[in-house]
Amino acid sequence: MRIALISDIHGNLPALEEVLKSTVSYKADVLYCLGDTVGYGPFPNECVELVRKHCLVALKGNHDSGLLGETPIEDFNHYGLSAIQWSQSVATEEVKEYLRGLNVKTEVNGITLAHSSPLNPEAWTYILTMRLARENFEAYTTRLCFVGHTHVPIVIGEDGTINKYSLALRSIINVGSVGQPRDENEKAAYGLYDTETGAYELIRVAYDIQRTARAIREVGLPEFLAQRLFQGS
Ligand code: ZN
């Protein structure tokens, strides 16, 4: 079975639409979403509707949680905060209800999924050091754990190697971000995992950034949120 792992869509509908097309051309059998479907971007309702329709499993991220008032909005930076407040004002009851029902971590099909980290997922920790990675390897039992949250794709091997995916290693894999990549690559990112062969691949997809940027300006979100999409930062 080929699993497409998408994360951090952040209300970027043009990016999500292209990624969905890409998962079809790569013949993904199922889609799992690792959370943060809303926040930053101008299409929160549309993105949640598509995730609900296409993703067999979906998790809750910190921005989803912020929109629901479950995570204090003081925890967000200036840009995140203004986008969450705007998203709260436009989110439909149906969308809120759906987001409310999502988990922050799960195990499915022999893999672990979390938005931020398998250890203490609701603390929204960023796995940015080897010490944190080591602690997280102890917090789940499957070979692979897929995460999002940092918007930077990375494969961390249990032996401390970085970006050297190996079938013989337990790994924490960050699949990057569909709607707001921050690894200096403006293309949408998602992961593709084959349960039969064990192969993992990061896919990059070009999309119409201008369309998202125009919509960000139209709804009055900060200009920085449009600009950063062109830089992938
Ligand atoms: Zn995010």
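One structure accompanies this document, and this report is about it. Everything numeric here is computed off the predicted structure, so don't read it as measured data. (Residues numbered from 1 in each chain as written. Predicted model: local features only at pLDDT ≥ 70, side-chain atom pairs only at ≥ 80, totals over all residues. Heavy atoms only, no water.)

Of the regular secondary structure elements, the protein holds eight helices and 10 strands. Scaling as 2.2 N^0.38, a compact globule of 233 residues should have a C-alpha radius of gyration of about 17 Å, and the protein matches this with 16 Å. Taking the principal axes of the C-alpha coordinates as reference, the protein spans close to 50 × 35 × 30 Å. Burial status across the protein gives 57% buried among its 233 residues. As displayed, the protein offers around 9800 Å² of accessible surface, 50% of which is attributable to carbon and sulfur atoms. In the protein, which carries 21 positive and 29 negative side-chain charges, the distance between the mean positions of the two groups comes to 3 Å. (Helix = DSSP H or I, 4+ residues; strand = E, 2+ residues; numbered from the N terminus. Rg over C-alpha atoms; globule rule 2.2 N^0.38 Å. Buried < 20%, exposed > 50% of the residue type's maximum accessible area, 1.4 Å probe, protein only. Areas by Shrake-Rupley, 256 points an atom, 1.4 Å probe, with all protein chains shown as cover. Lys, Arg positive; Asp, Glu negative; His and termini not counted. Charge placed at Lys NZ, Arg CZ, Asp CG, Glu CD.)

All of the buried residues along helix α2 (residues 44-54) are Pro44, Asn45, Cys47, Val48, Leu50 and Val51. Residues of α2 that are buried in the fold lie against α1 (13-25), β2 (30-33), β3 (57-58), α4 (78-90) and α5 (93-100). (Contact = heavy atoms within 4.5 Å.)

Packing of helix α7 (residues 209-218) against helix α8 (residues 223-231) leaves a shortest axis separation of 8 Å and a crossing angle of 170°. One way to sum up the angle between α7 and α8 is to call them roughly antiparallel. Taking contact as the criterion, the partners of Ile209, Gln210, Thr212, Ala213, Ile216 and Arg217 in α7 are, on α8, Glu223, Leu225, Ala226, Gln227, Leu229 and Phe230. Residues belonging to the contact of α7 with α8 are distributed by class as follows: seven nonpolar, three polar and two charged. (Axes fitted to C-alpha atoms, helices over the stretch in contact; angles between N-to-C directions. Parallel < 35°, antiparallel > 145°, perpendicular 65-115°, else oblique. Nonpolar A, V, L, I, M, F, W, Y, C, P; charged D, E, K, R; others polar.)

Positioned with a positive phi, Asn109 is a non-glycine residue whose angle comes to about 55°. Within the secondary structure layout, Asn109 lies in the loop between β4 (105-108) and β5 (111-114). A positive phi angle, close to 80°, is found at His149, a residue other than glycine. Within the fold, His149 resides in the loop between β6 (144-147) and β7 (154-157). The exposure class assigned to His149 is buried, which follows from its relative accessible area of 2%.

Taken in spatial order, the five strands make up an open sheet running β3-β2-β1-β9-β10, and their pairing is mixed. Each edge of the open sheet is held by one strand with a lone partner, namely β3 and β10 (200-205). Pairing analysis gives four bridges linking strand β1 (residues 2-6) to strand β9 (residues 188-194), with the strands arranged antiparallel. By the bridge assignment, Leu5 is partnered in β9 with Gly191. (Pairing = 2+ DSSP bridges.)

For the rest of this paragraph, the subject is the coordination of the zinc ion. The coordination sphere of the zinc ion, as far as protein atoms go, consists of Asp8 (OD), His10 (NE2), Asp36 (OD) and His151 (NE2), spread over 2.0 to 2.6 Å. Coordination geometry of the zinc ion: the four donor atoms subtend angles of 89 to 178° at the metal centre, consistent with an arrangement described as irregular. Sequence positions of the donors to the zinc ion reduce to the motif D-x1-H-x25-D-x114-H. (Donors = N, O, S within 2.8 Å, 3.2 Å for Na, K, Ca; no water. Tetrahedral: all angles 85-135°; square planar, octahedral: opposite > 155°, others 65-115°.)

What follows deals with the nonpolar core. Judged by nonpolar contacts, the single largest core of 44 residues is most densely connected at Ile6, Ile9, Leu16, Leu99, Val178 and Tyr190. When near neighbours in sequence (up to four residues on either side) are disregarded, Leu16 contacts Ile6, Ile9, Cys47, Leu50 and Val178. Ranked by size, the runner-up nonpolar core spans 16 residues in total, among them Ile3, Val30, Leu34 and Ile111. (Core = buried A, V, L, I, M, F, W, Y, C linked by side-chain atoms within 4.5 Å.)

Quick look at the sheet that holds β5 now. Pairing is mixed across the open sheet formed by five strands, whose spatial order is β4-β5-β6-β8-β7. In the strand order of this sheet, the two ends are held by β4 and β7, each with one partner. Ignoring strand direction, the axes of neighbouring strands in this sheet form an average angle of 20°. As defined by bridge partners, β6 adjoins strand β8 (residues 171-174) across four bridges and the pair is classed as parallel.

What follows is about the side chain of Ser116. Tracing the chain through its elements places Ser116 in the loop between β5 and α6 (130-137). Not counting the four nearest positions on each side in its chain, Ser116 is found in contact with Pro121, Trp124, Thr125, Ile127, Val147 and His149.

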